[in-house]
Amino acid sequence: MSRDSLNIMIGGEAGQGLVTIGQVLSKCLIKSGYHILVTQDYMSRVRGGHNTFTIRAAARELDSPTEGVDLLVALNQETLDLHGKELNSGAVVVAGQDLTCAGARCLGVPYKELAEGRHVNTIALGVTAGLLGLDQELVADTLTTALGKKKDDKVVAANREGLAASFDWLAKQEADCGVLPKPQEAPPRMMLGGNQAIALGALAAGLKFLAFYPMTPSTSIALTIIAHADELGVVYEQAEDEIAAINMALGASYAGAPALVCTSGGGYALMTEGLSLAGMTETPIVIAIAMRPGPATGLPTRTEQGDLLFALHGGHGEFPRAILAPGDVKQCFEAGYRALHLAEKYQGPVFILTDQFLADSLRALEPFGLEGREAVRPGGQGKEGADYRRYEITPDGISPRRLPGMGPELVVADSDEHTQQGHITEDLELRVRMQHKRMLKEKGLKAETIPPSFAGPEEPETLLVSWGSSQGPVAAAARRLRDEGQSVGTCHFSQVWPLDPEQFAPRMARAGSVVVIEGNATGQFAGLLKKEAGIIAQRFIGRFDGLNLTPEYILRQLAN
Amino acid sequence: MVKIEDYGEIETAWCPGCGNFGIRNALIRALVDKGLAPQDILLVSGIGQAAKTPHYIPCNAFNGLHGRGLPAATGAALAHPGLKVILTSGDGCNYGEGGNHFLGGLRRNVDLTMLVHDNQIYGLTKGQASPTSLEGMHTKAQPHGVHLVPFNPVAVAVSLHVGFVARGFAGELEHLAGLIAQALEHKGLALVDILQPCVSFNKLNTYEWYKQRVRKLEKGEHDPTDWEAAIKLSYEFGDSIPLGVIYENQRASFQEFFPVLKDGPLAGQGTDYGKLKGILESYA
């Protein structure tokens, strides 16, 4: 049987090595020319519990996960009990001989016999890779690289033997989980998740300073930056808390290092004081928030788009900001790059809003071009010299930015309301002029806002509106509806603040009805559309059970 | 040559007789002594009357948030290793609101100088207890007397093996200037806890009170490299309060762990796109 795409789910306890199997399989699929889209579901614990790593693979580009499983790799009974009902027709289960997979086409693997003291997950990998028709050598090499080992290592030899044994065993079985069409010749692709892409984009923009306090699901942004910090000359620190992290980053940025902090909602809550400081001192800073369900500690390892309004309104007082909301991994890279440039140009906070789904979603990507990219160059704006004024009032609100200790200028930054020289003032007339100057920057930011992308008919009966990581599932749902002959368009926002209604309001008005789809309970973006553009959505579809949006979920809701 | 006049006179919002004047003058004297011009230094502070010091000395300045002076100073010092970064803020700022940063900062050991204007009271909010207020001190907010054990910053710093720990007194200008000059020389975090009378609100720890108790450590009296002796000395705070260098060691500063900082400020370093290309290729 041939399939357009395959959904491969690996399930088991944390600590059983399912992520290793998943990552190696994903990489092998990419190296064989396939596209992938990974969804990871894990519990907030180090060992045990129930976790899944799901790879959707296809010869064509994928923009969305899908429900239903074609190949289930069960490392324990719980996986079968929980996901047995999600199997598509013709699905195959790879499980140990000792497990019960009632009703399913089950390939009972004699793990003990094949493993002979080697890792069971190597055998599971071998059997699964064999089923997918992947090249044995490719799998062995990829596993070796993933283990960070040299080819002559004993562990490597053991794993190679394990893989060979599992491929041999499989050859004697009758099993077929559906064959994917052969991919066309394609340029080599990278395997990247959203958080990794944000980090690499920021590095491409000349990031020089990172401070963070670990918080799922944002930590991999920091870890990616740190992995390359020595090579690219980035200074980093795991701060004592998020308050310290953002204040350190602001100190570094003031002194000329393009800076980023990353966190999730709870950590951002602590950062809001420093965010306000960035607004008042007009210090560039990029804040990457990987959202998870709240309030408070919420569901620490699951996904949600619940912090949009918090990003928008966080921090006391009024000051301009920009909020980027990448829709896929490629946009994550662009957001990382763009955020640093915007922060420097407008001298203030710029947000990147992502979420656990996108953060952990590995995809196949063609390499990012670096041609024409430029690193942020802090401190080069406007007037210099001894009569330098850090907060000079200018027509566009952007004051000359110089760096301390780099020239004759004395650079004075102040959290109090201040004079043009940066000193504390209680001159209330000046206060009004200063606040006006700062808010003027919103105009510039608005002029640079990324317009939303529309797809489908110009005047659809139904327009599905999304932002951030919901892009793919919404696009896939719309395609299925169009295939059924319905008139459905989509509109996706990869920047959610500032909003420029001229970019989208007229076209939205031509739709029969507007449906806003987002990963929260209250329709935060729908509310923003109403407030900023007077667009009243006829319907709002929200998901807030901790799982990512899927086309099937959207279609079920639309049908209700 | 840097001269005292380079640092001029600026009108302040401090009360007449405030201990902050002594600290400012001692700091300027130390800067001149070390040949540091306004362009070479960065004063960082949080919030409070002491935290206004950067506005009263011509220099680069980052006047941040209450309690957050140390993290901001840390970031600036890491971004620009050539800048002489001096944190100048009060006891509430550094030991109260910024308590976690104080502990983190002591352990981190970034090369910067930390001057704490320690007046044992909250002056700007008009007279509540501070982390270093002595037990039993009465204020409007603590009408039955402070019942918290006073924070001992010197003992905490010594216990964490901070490379330079000293106590000065705003009423001993020359001695204090000497301590600050030594602190500026130290590679790594240098803490100078400065006893500073608040003439408006602290009616207990007055100039007179301090003068009866402070004593400058005599030459040869105490070996600051002897950690156990330093710990013992750090607990001497009552009828006799020792002034001087309490503890000294030569631990590597945090900056030394980053080879990139040997090449100067991060701002001038650009991005190596060749290396980045190689990194991107490693994801294939």
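About the criteria used
Residues numbered from 1 in each chain as written. Chains lettered and ligands numbered in written order. Predicted model: local features only at pLDDT ≥ 70, side-chain atom pairs only at ≥ 80, totals over all residues. Heavy atoms only, no water. Helix = DSSP H or I, 4+ residues; strand = E, 2+ residues; numbered from the N terminus. Rg over C-alpha atoms; globule rule 2.2 N^0.38 Å. Buried < 20%, exposed > 50% of the residue type's maximum accessible area, 1.4 Å probe, protein only. Areas by Shrake-Rupley, 256 points an atom, 1.4 Å probe, with all protein chains shown as cover. Lys, Arg positive; Asp, Glu negative; His and termini not counted. Charge placed at Lys NZ, Arg CZ, Asp CG, Glu CD. Contact = heavy atoms within 4.5 Å. Axes fitted to C-alpha atoms, helices over the stretch in contact; angles between N-to-C directions. Parallel < 35°, antiparallel > 145°, perpendicular 65-115°, else oblique. Left-handed = near helix turned anticlockwise from the far one by under 90°. Nonpolar A, V, L, I, M, F, W, Y, C, P; charged D, E, K, R; others polar. Core = buried A, V, L, I, M, F, W, Y, C linked by side-chain atoms within 4.5 Å. Buried area = accessible area lost by both parts, 1.4 Å probe. Salt bridge = Lys/Arg side-chain N within 4 Å of Asp/Glu carboxyl O. Phe/Tyr/Trp six-rings, centres within 6.5 Å; stacked < 30°, edge-to-face > 60°. Polar contact = N/O pair within 3.5 Å; in protein donor to acceptor, adjacent residues only side chain to side chain. Pairing = 2+ DSSP bridges. Right-handed = clockwise from strand over helix to strand, strands pointing away.

Here we look at the overall build of chain B
- Within chain B one finds 9 helices and 10 strands.
- For a compact globule of 284 residues, the expected C-alpha radius of gyration is about 19 Å, and chain B comes in at 20 Å, within 12% of that figure.
- Structurally, chain B occupies a C-alpha span of about 70 × 45 × 40 Å along its principal axes.
- The burial tally for chain B puts 60% of its 284 residues in the buried class.
- Surface accessibility of chain B: about 11,300 Å² in total, with carbon and sulfur atoms responsible for 54%.
- Once the 24 positive and 28 negative side-chain charges of chain B are each reduced to a mean point, those two points are 4 Å apart.

Brief notes about the overall build of chain A
- A tally of regular secondary structure across chain A gives 18 helices and 21 strands.
- By the compact-globule yardstick of 24 Å for 560 residues, chain A fits well, its C-alpha radius of gyration being 25 Å.
- A principal-axis box enclosing the C-alpha atoms of chain A has dimensions of 85 × 60 × 45 Å.
- Counting only residues that meet the buried cut, chain A has 63% of its 560 residues in that class.
- The contacts of chain A with a sequence gap of at least 6 include a subset with a gap of at least 24, amounting to 74%.
- Only carbon and sulfur atoms are counted for the fraction: they give 51% of the accessible area of chain A, which is about 21,000 Å².
- Distance between charge centroids for chain A: 2 Å, based on 51 positive and 66 negative side chains.

Side note on the packing of helix H9 (residues 242-254) of chain A against helix H10 (residues 265-281) of chain A
All names here are of chain A.
- Running from N to C, H9 and H10 cross one another at 30°; their axes reach a closest spacing of 7 Å. Judged by the angle between their axes, H9 and H10 are roughly parallel. Seen from above, H9 lies across H10 with right-handed handedness. When H9 is examined against H10, the residues Glu242, Ile243, Ala245, Ile246, Asn247 and Leu250 are found in contact with a partner set consisting of Gly267, Leu270, Met271, Glu273, Gly274, Leu275, Leu277 and Ala278.
- For the contact of H9 with H10, a count of residues per class yields 9 nonpolar, 3 polar and 2 charged.

A look at the nonpolar core
Residues and elements named next belong to chain A.
- Counting 96 residues, the largest nonpolar core has Phe209, Val465, Phe493 and Phe525 as its most contacted members.
- Top element by residues in this core is H9. It accounts for 8 residues.
- Other than its neighbours up to four places away in sequence, Phe525 contacts Leu308, Val465, Trp467, Phe493, Val496, Leu499, Val516 and Glu518.

Regarding the interface of chain A and chain B
- The partner chain B presents 50 residues to the 65 residues of chain A that form the contact.
- The contact between chain A and chain B buries some 4,600 Å² in all, and 66% of this surface belongs to carbon and sulfur atoms.
- Counting across the interface, chain A meets chain B through 3 salt bridges.
- Across the pair Glu240 of chain A and Arg108 of chain B runs a salt bridge whose closest N-O atoms are separated by 2.6 Å.
- If you list the elements that add at least two residues to the side of chain A that touches chain B, you get helix H1 (18-31), strand E7 (190-192), helix H7 (194-204), helix H8 (219-232), strand E9 (235-238), H9, H10 and strand E15 (412-414) of chain A.
- Residue contributions to the side of chain A that touches chain B peak at 8 residues, all from H9 of chain A.
- Here the residues of the side of chain A that touches chain B are counted per class, giving 34 nonpolar, 17 polar and 14 charged.

Thoughts on the packing of aromatic side chains
- One pass over the structure, following the stated rule, counts 18 aromatic pairs over all chains.
- Ring plane angle 85° and centroid distance 5.4 Å describe the contact between Tyr236 of chain A and Phe258 of chain B, whose orientation is recorded as edge-to-face. With Tyr236 of chain A in strand E9 and Phe258 of chain B in the loop between strand E10 (241-248) and helix H9 (273-281), the pair connects residues from two separate chains.
- Relative accessible area serves as the criterion here: at 5%, Phe258 of chain B is assigned to the buried category.

Describing the side chain of Asn63 of chain B
- Within the secondary structure, Asn63 of chain B sits in strand E2 (residues 60-63).
- Here Asn63 of chain B falls in the buried class, since its relative accessible area comes to 2%.
- Among the polar contacts listed, one links the side chain of Asn63 of chain B to the side chain of Ser45 of chain B, at a separation of 3.1 Å.
- Among the polar contacts made by the side chain of Asn63 of chain B, one reaches the side chain of His55 of chain B at a distance of 2.8 Å.
- Setting aside chain neighbours within four positions, we find Asn63 of chain B in contact with Ala413, Asp414, Ser415, Asp416 and Ile424 of chain A together with Ser45, Gly46, Ile47, Ala51 and His55 of chain B.

Some words on H7 of chain A
- Among the 11 residues of H7 of chain A, 10 are classified as buried, and the element is accordingly described as predominantly covered.
- Residue Gly206 of chain A follows H7 of chain A closely and has a positive phi angle near 90°.

Notes on the pairing of strand E13 (residues 349-355) of chain A
Residues and elements named next belong to chain A.
- Of all the 7 residues making up E13, 7 are buried; the element is thus mostly covered by neighbouring parts of the structure.
- Burial of E13 is two-sided: the residues Pro349, Phe351, Leu353 and Asp355 facing one way and the residues Val350, Ile352 and Thr354 facing the other way are all buried.
- Sheet topology places strand E11 (residues 285-291) next to E13; 7 bridges connect them, and they run parallel. Counted as the bridge partner of Ile285 is Pro349 from E13.
- Both strand E12 (residues 322-324) and E13 contribute to a ladder of 3 bridges, which runs parallel. Counterpart to Leu324 in the pairing with E13 is Ile352.
- Following the backbone out of E12, through helix H12 (residues 329-346) and into the adjacent parallel E13, one traces a crossover that is right-handed.

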